[in-house]
Structure formats: structure tokens, C-alpha cells
Amino acid sequence: MDGKEDIFVHISDIEGEYVLVEGDEVTYKVCAVPPKNLKYQAVEVVITHLAPGTKHETWSGQIINS
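Taking an unreviewed UniProt entry as the reference, the protein chain is identified by name as CSD domain-containing protein belonging to Scyliorhinus torazame.

Caption draft 1: How the structure looks around the pattern of salt bridges. Inspection of every chain in the model, using the stated rule, returns one salt bridge. The closest approach of N and O atoms between Glu-44 and Lys-29, which form a salt bridge, is 3.3 Å. Residue Glu-44 is found in strand S4 (residues 39-49), and its partner Lys-29 is found in strand S3 (residues 25-33); the two are separated by 15 residues along the sequence.

Caption draft 2: Spotlight on unusual backbone geometry. The omega angle of the peptide bond from Pro-34 to Pro-35 is 10 degrees, so this bond is cis rather than trans. Mapped onto the fold, Pro-35 is located in the loop between S3 and S4. Notably, Asn-37 is not glycine yet its phi reads approximately 55 degrees, a positive angle. Along the chain, the position of Asn-37 falls in the loop between S3 and S4. Backbone geometry places Glu-44, a non-glycine residue, at a positive phi of 55 degrees. Judged by relative accessible area, Glu-44 falls into the partly exposed class, the value being 41%.

Calculation criteria
The written sequence of each chain sets the order in which its residues are numbered from 1. Given that this is a predicted model, residues contribute local features only at a pLDDT of at least 70 and side-chain atom pairs are listed and counted only at 80 or more, while totals for whole chains, interfaces and linings are drawn from all residues. As a convention, hydrogens and water are excluded, and side-chain values are obtained from all of the structure's heavy atoms. By definition here, a salt bridge exists when the distance from a side-chain nitrogen of Lys or Arg to a carboxyl oxygen of Asp or Glu is within 4 Å. The way it works is that DSSP assigns letters per residue, a run of H or I at least four long becomes a helix, a run of E at least two long becomes a strand, and they are numbered from the N terminus. Only protein chains enter the area calculation, which uses a 1.4 Å probe; residues under 20% of their type maximum are buried, those over 50% are exposed, and those in between are partly exposed.

This is how it looks when you write it as C-alpha cells:
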């Protein structure tokens, strides 16, 4: 992986209170998706910086401007 291809993220793997939006900076681990292990997904996703100038929704439905 060269860091340029998209990686699947399941909503249950995002830690914290915000729903991800494009431009957020995150840390994550990558694991292969069974059974063939040909695709990858991000797990233990933590938002480290909210994208500036965007609206973020919390899991409870509140809208936060960053």
C-alpha cells in the first residue's frame, strides 16, 4: 500500500464522538479483510485534527463547526 488508495472504514471502528468528514486527519491501523485478505480496512481510527471550515456531526446528532 502506498497511502494513495482508499481504505474502507466501518463506523464501529471510529473512536471518539465525531463522524469523519473528508479532510480530517486520523491515525489508524490497517488489517486485511478475510476470507481472501486481498482488501484492507482501517481499524482503531482516531481523529487527531478536524478539517477546518467543515461541519462535523457527533454520534448524538449535534452539528459542530470547525
